[in-house]
Amino acid sequence: MPKSKVRKKTDYTINPASRIPVKVKAGPSPVWYVAIMLGFMLAGLVWLLVYYLAAEQISWMNDLNAWNFLIGFGLMVVGLIMTMRWR
């Protein structure tokens, strides 16, 4: 029976450049940024709540039909996207 070839294992070396700490240039987010971020999320939630509870009494909102979901969830998504830049 022939002997199988032994593979050389390459040694794993850590790249020293990746171990250097990186300084963050930006400081904390201003208060107005957090207020606008939370405002978008709450505005989307309020839009959907008003649509579910009072769409029959608000004629222009009732005319939008399913577009209300896009508006409400769109506002919430904008707020959630803003959280990625929040420090």
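Before reading further, recall that the structure is shown in the block above.
As the structure is a prediction and not an experimental result, all values here were calculated from the model.

**Some words on the overall build of the chain**
In terms of regular secondary structure, the chain is built from three helices and zero strands. For the chain, the succession of helices and strands along the chain, N to C, is α-α-α. Taking all 87 residues of the chain together, the buried fraction comes to 15%. When contacts within the chain are restricted to residue pairs at least 6 apart in sequence, long-range pairs at least 24 apart make up 68% of them. Surface summary for the chain: the accessible area is close to 8000 Å², and the carbon and sulfur share equals 68%.

**Section: the environment of I71**
Looking at the secondary structure, you find I71 in helix α3 (residues 67-82). A relative accessible area of 30% means that I71 is categorised as partly exposed. Through-space distance from the C-alpha of I71 to that of A43 is 9.8 Å; in sequence the pair is 28 residues apart. In contact with I71, not counting residues within four places along its chain, are W47 and L64.

**Describing the environment of R85**
Locating R85 in the fold gives a position in the segment after α3. Along the chain, R85 and Y33 lie 52 residues apart, while their C-alpha atoms are 9.5 Å from each other. With residues near it in sequence (within four places) discarded, R85 still touches S29 and Y33.

**Overview of the side chain of S29**
Looking at where S29 falls in the secondary structure, it is placed in the segment before α1 (31-54). Ignoring sequence-local partners within four residues, the contact set of S29 consists of R85, W86 and R87.

What counts as what
Residues numbered from 1 in each chain as written. Predicted model: local features only at pLDDT ≥ 70, side-chain atom pairs only at ≥ 80, totals over all residues. Heavy atoms only, no water. Helix = DSSP H or I, 4+ residues; strand = E, 2+ residues; numbered from the N terminus. Buried < 20%, exposed > 50% of the residue type's maximum accessible area, 1.4 Å probe, protein only. Contact = heavy atoms within 4.5 Å. Areas by Shrake-Rupley, 256 points an atom, 1.4 Å probe, with all protein chains shown as cover.

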